[in-house]
Each structure stands twice: as structure tokens, then as C-alpha cells.
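Each chain, letter by letter, is given below.
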2 protein chains.
Amino acid sequence: MIKVVCKAKLKQGVTVEEYLKIAREVISETRKEKGCITYTIHEDIHDPTILTMLEEWVNEEAINQHNQSEHVLKIVPELRKLRESTEINLYREVE
Amino acid sequence: MIKVVCKAKLKQGVTVEEYLKIAREVISETRKEKGCITYTIHEDIHDPTILTMLEEWVNEEAINQHNQSEHVLKIVPELRKLRESTEINLYREVE
């Protein structure tokens, strides 16, 4: 299993609801992907401009397929326009 | 539930094994805490100098108690000496 942490900082003036309105489609489509175990969006409890996807995937190949999926290619560029920055890390559990 | 992502970047020259040798005690003690659901350490698959704890806690009070626990107060300062930087975020699931 590979876990992904995708941390987005919203641009000033962008609301969480505005971001979620666009993100919902990619979330629901991604959860249908065969290699996706979990895919959930989280808000920083101290900073509402930080929205982070916590994801679990069967393997790296599933993530590569996800990154080439129609919903990602269509919607993620729209989400990026609302972000000041994005930080993505892929992890394997050590212990 | 509150999720915590604690991302550490190791100082140059510090090995993962050297870090884990110290971290293991805090990991095993933390897993015994009543408010701890999961507490696992992960390695970035593209950058072995990034080690990240992915944690699930019953509530914020459990995290505050953890931060005041004997094992955290004793061991975490030793871990911090091995890190170049630390980034900690507390999250609630949005959807």
C-alpha cells in the first residue's frame, strides 16, 4: 500500500466551500477507481486555508493511473488555480 | 476524530535506522495511550530523508495529553536534534 498526503494552501479570498464545490467531482470519481482504498479531504483545525487529501492506494501503479484519469486531468487544473501552493508526498509504512 | 500529519526532514548524514532506533520507544508507548487510534511512521518513497508520522486520535484532548506524556517529553527532544525541520498539522475530515 502507498499513502499519499496532498496538502493544498488556498489563495487568499478563496473559500473552503468554493474549493469543495469543484473538488467533490474528483473525490467521488476517484473513490470509484479500482486501486483506490481511501480518498478523503481534511481541513486543518487551526488554519482553514489548508486542505489536505489523505489517500491510500493499492500500489504506485494505481496512483499513476489516477493521475492520467479523465477526472484528474479535467478538474485538478481548476483546483490548482485556487491554490497558493501544493505539497505532495507518497509514503510507505516503515513501522 | 483528529488526524495528525507530522512530517520530519532529517539532517544531512542522519540515517533512517539511527532515527528509528530512538523513535521506536515513543511509537510503542504512544500506541498504548487510551486516546490513540493509530500511530505509524512512514518513509517518503522518493526521498528517504523525509519521515512522517500519520496519526489518528479520538479528540484534541488526547493529543494534548500525549504531548505532555513522559515518553514524548523525554524522547521527542532527542528526535528533534536529528531533524532539519518539522511540520505538524492537525486535521478534521471534511468529506
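Residues numbered from 1 in each chain as written. Chains lettered and ligands numbered in written order. Predicted model: local features only at pLDDT ≥ 70, side-chain atom pairs only at ≥ 80, totals over all residues. Heavy atoms only, no water.

*Asks:* Would you take a moment to explain the overall build of chain A for this structure?
*Replies:* The secondary structure content of chain A amounts to 3 helices and 4 strands. The secondary structure elements of chain A, listed N-terminal to C-terminal, are β-α-β-β-α-α-β. At 13 Å, chain A has a C-alpha radius of gyration in line with the 12 Å of a compact globule built from 95 residues. Viewed in the frame of its principal axes, chain A has a C-alpha envelope of about 35 × 35 × 15 Å. Counting only contacts in chain A whose residues sit at least 6 apart along the sequence, the fraction spanning at least 24 positions is 69%. (Helix = DSSP H or I, 4+ residues; strand = E, 2+ residues; numbered from the N terminus. Rg over C-alpha atoms; globule rule 2.2 N^0.38 Å. Contact = heavy atoms within 4.5 Å.)

*Asks:* It is not clear to me how the interface of chain A and chain B should be interpreted in this structure. Could you clarify?
*Replies:* How big an interface is tends to be stated in terms of the accessible area lost upon association of its parts. In this complex, chain A contributes 26 residues to the contact, which on the side of chain B involves 26 residues. Summing both partners gives a buried area of about 2,700 Å² for chain A against chain B, and 54% of it is carried by carbon and sulfur. Contact with chain B buries surface across chain A, with A:Ile45, A:Tyr91 and A:Glu95 losing the most and accounting together for 27% of the total. The interface formed by chain A and chain B holds 6 salt bridges in total. Close ionic contact of B:Arg24 with A:Glu95 constitutes a salt bridge, the shortest N to O distance being 2.8 Å. At the junction of chain A and chain B, the tally comes to 22 residue pairs in polar contact (both at pLDDT 80 or more). Contributing elements (two or more residues each) for the side of chain A that touches chain B: strand 1 (2–10), helix 1 (16–31), strand 2 (36–44), strand 3 (50–57) and strand 4 (83–93) of chain A. Tallied by class, the residues present in the side of chain A that touches chain B amount to 10 nonpolar, 5 polar and 11 charged. Here strand 2 of chain A runs beside strand 4 (residues 83–93) of chain B; their pairing, made up of 3 bridges, is antiparallel. Note that in strand 4 of chain B the partner of A:Glu43 across the bridge is B:Arg92. (Buried area = accessible area lost by both parts, 1.4 Å probe. Salt bridge = Lys/Arg side-chain N within 4 Å of Asp/Glu carboxyl O. Polar contact = N/O pair within 3.5 Å; in protein donor to acceptor, adjacent residues only side chain to side chain. Nonpolar A, V, L, I, M, F, W, Y, C, P; charged D, E, K, R; others polar. Pairing = 2+ DSSP bridges.)

*Asks:* Explanation requested: the side chain of A:Glu43 in the structure shown.
*Replies:* Inspection of the secondary structure assignment puts A:Glu43 in strand 2. For A:Glu43, a relative accessible area of 16% gives the class buried. In this structure, A:Glu43 is in contact with A:Val16, A:Pro48, A:Ile50, A:Leu51, B:Leu90, B:Tyr91, B:Arg92 and B:Val94, ignoring residues within four places of it in sequence. (Buried < 20%, exposed > 50% of the residue type's maximum accessible area, 1.4 Å probe, protein only.)

*Asks:* I'm lost on the packing of helix 1 of chain A against helix 3 (residues 70–81) of chain A in this one. Help?
*Replies:* Residue and element names in this part refer to chain A. Where helix 1 meets helix 3, the axes come as close as 10 Å, and the angle between the chain directions of the two elements is 160°. The orientation of helix 1 relative to helix 3 falls into the category roughly antiparallel. Judged by the sense of rotation from one axis to the other, the crossing of helix 1 with helix 3 is left-handed. When helix 1 is examined against helix 3, the residues Tyr-19, Ile-22, Ala-23, Glu-25, Val-26, Glu-29 and Thr-30 are found in contact with a partner set consisting of His-71, Val-72, Lys-74, Ile-75, Val-76, Glu-78 and Leu-79. Across the contact of helix 1 with helix 3, the residue classes tally to 8 nonpolar, 2 polar and 4 charged. (Axes fitted to C-alpha atoms, helices over the stretch in contact; angles between N-to-C directions. Parallel < 35°, antiparallel > 145°, perpendicular 65-115°, else oblique. Left-handed = near helix turned anticlockwise from the far one by under 90°.)

*Asks:* Help me understand the sheet that holds strand 4 of chain B in this model?
*Replies:* In a beta sheet, neighbouring strands pair by backbone hydrogen bonds and run either parallel or antiparallel. An order of 1(A)-3(A)-2(A)-4(B)-1(B)-3(B)-2(B)-4(A) is seen for the 8 strands of this closed barrel, with the pairing classed as antiparallel. In this sheet, adjacent strand axes meet at a mean angle of 30° when their direction is disregarded. Most of the contacts of helix 1 (residues 16–31) of chain B go to strand 2 (residues 36–44) of chain B, to which it runs at about 170°, and overall it touches strand 1 (2–10), strand 2, strand 3 (50–57) and strand 4 of chain B.

*Asks:* How do you make sense of the relation of the copies chain A and chain B when you look at a structure like this?
*Replies:* Between the two copies of this chain, the relationship is a rotation about some axis together with a displacement along it. With an RMSD of 0.0 Å, the fit of chain A onto chain B corresponds to turning through 180° and sliding 0.0 Å along the axis. These values place the two chain copies in the arrangement generated by a two-fold rotation axis. Every residue of chain A has its C-alpha some distance from the rotation axis, and the shortest such distance is that of A:Val5, at 4.2 Å. A share of 100% of interface residues in chain A that are also interface residues in chain B marks the association as one of identical surfaces. (Least-squares fit on C-alpha atoms with pLDDT ≥ 70 in both.)

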